[in-house]
Amino acid sequence: MKNRREFMKSSLVVSAGLVAAGIAPASAAENTKASIFYYSAKNPRRWEGKAGSHAPVVTVEGNTVTIETKHGMSPEHYIVKHSLLTSTGEVLGESVFFPTDKKAVSTYTLTGEHKELFALSFCNLHDLWVSEFSITE
Ligand SMILES: [Fe+2]
């Protein structure tokens, strides 16, 4: 009886270790706060292979931030919206697109000091994607 108890005890410990390892993402080091909730180029999860046409591409020139999603625009499948957020969740700007728009490109002017920003792009079929970027002086 003692041997059975010891076997059960050690089996539970091993099982608990495997479960804990199973719920940790394989690329945990690449996760940011935002990519836990949204899809990103580093963490596309169920949309593997879609990052090139869904992860927002950001360019910064002076205090102007441009967000582009290199995605087609058609009535059935298009980019619905871009948002620019701070690391605390403050919305600095939003742009809504229509299927008739030729491209999903938006531009924002920064008025304050910002270091860590998040560009969001929402596809009507492939969910919400984020690109995190930093402003360097
Ligand atoms: Fe899409």
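Above this text you will find the structure in question.
Residues numbered from 1 in each chain as written. Predicted model: local features only at pLDDT ≥ 70, side-chain atom pairs only at ≥ 80, totals over all residues. Heavy atoms only, no water.

Q: When you look at the overall build of the chain in this model, what are you seeing that I'm missing?
A: Within the chain, the regular secondary structure consists of three helices and seven strands. In sequence order, the secondary structure elements of the chain are arranged as α-α-α-β-β-β-β-β-β-β. Classification of the 137 residues of the chain by burial places 31% in the buried group. With the model as given, the accessible surface of the chain reaches about 9000 Å², and the carbon-plus-sulfur share is 57%. (Helix = DSSP H or I, 4+ residues; strand = E, 2+ residues; numbered from the N terminus. Buried < 20%, exposed > 50% of the residue type's maximum accessible area, 1.4 Å probe, protein only. Areas by Shrake-Rupley, 256 points an atom, 1.4 Å probe, with all protein chains shown as cover.)

Q: Could you clarify how one ought to interpret the sheet that holds strand E6 (residues 116-123) in this entry?
A: Strand pairing in a sheet relies on backbone hydrogen bonds. The paired strands run either parallel or antiparallel. Reading across the sheet, the four strands line up as E4-E3-E6-E7 and stay open at both edges, with antiparallel pairing between neighbours. Two strands close off the open sheet at either side, each with one partner strand: strand E4 (91-96) and strand E7 (127-134). Taken pair by pair, the neighbouring strands of this sheet meet at an average axis angle of 15 degrees, ignoring direction. Two strands pair when backbone bridges link them, and E6 and E7 are joined in this way by eight bridges, in the antiparallel orientation. (Pairing = 2+ DSSP bridges. Axes fitted to C-alpha atoms, helices over the stretch in contact; angles between N-to-C directions.)

Q: Looking at this model, I keep getting lost on the side chain of His71. Mind explaining?
A: Structurally, His71 can be placed in the loop between strand E2 (64-69) and strand E3 (79-86). A relative accessible area of 11% places His71 in the buried class. A polar side-chain atom of His71 sits 3.1 Å from a polar atom in the side chain of His54. With near-sequence residues (within four places) excluded, His71 lies in contact with Ser53, His54, His77, Tyr78, Ile79 and Cys123. (Polar contact = N/O pair within 3.5 Å; in protein donor to acceptor, adjacent residues only side chain to side chain. Contact = heavy atoms within 4.5 Å.)

Q: How do you make sense of the packing of aromatic side chains when you look at a structure like this?
A: In this description, a pair of aromatic rings is defined by centroid distance and the angle of the planes. Inspection of the entire model under this criterion finds one aromatic pair. Note on Tyr39 and Trp129: the rings are 5.8 Å apart at their centroids and 40 degrees apart in plane angle, and the pair reads as tilted. You can see Tyr39 sitting in the loop between helix H2 (33-37) and helix H3 (51-54) and its partner Trp129 sitting in strand E7, a full 90 residues away along the chain. Judged by relative accessible area, which is 0%, Trp129 ranks as buried. Over the face of the ring belonging to Tyr39 we find Arg45, whose NZ or CZ atom lies 4.7 Å from the ring centre. (Phe/Tyr/Trp six-rings, centres within 6.5 Å; stacked < 30°, edge-to-face > 60°. Lys NZ or Arg CZ within 6 Å of the ring centre and 35° of its normal.)

Q: Could you clarify how one ought to interpret the coordination of the iron ion in this entry?
A: By definition of the ideal shapes, a tetrahedral metal site with four donors has angles of 109.5 degrees and an octahedral site with six donors has angles of 90 or 180 degrees. Within the first shell, the iron ion binds the protein through His54 (NE2), His71 (NE2), His77 (NE2), Cys123 (SG) and His126 (ND1), at distances of 2.0 to 2.3 Å. Of note, the iron ion draws all its donor residues from one chain, in the sequence arrangement H-x16-H-x5-H-x45-C-x2-H. Judged by relative accessible area, His77 falls into the partly exposed class, the value being 22%. (Donors = N, O, S within 2.8 Å, 3.2 Å for Na, K, Ca; no water.)

Q: Looking at this model, I keep getting lost on the sheet that holds E2. Mind explaining?
A: Strands sit in the order E1-E2-E5 across an open sheet of three strands; the sheet is antiparallel. The sheet is open, and its two borders are formed by strand E1 (57-61) and strand E5 (104-109), each paired with just one other strand. Strand-to-strand, the axes of this sheet are offset by a mean angle of 15 degrees, without reference to chain direction. Relative to E5, E2 runs antiparallel, the two being bridged by six bridges. The partner of Thr64 across the bridge, within E5, is Thr109.

Nothing here speaks to function; it is geometry throughout.
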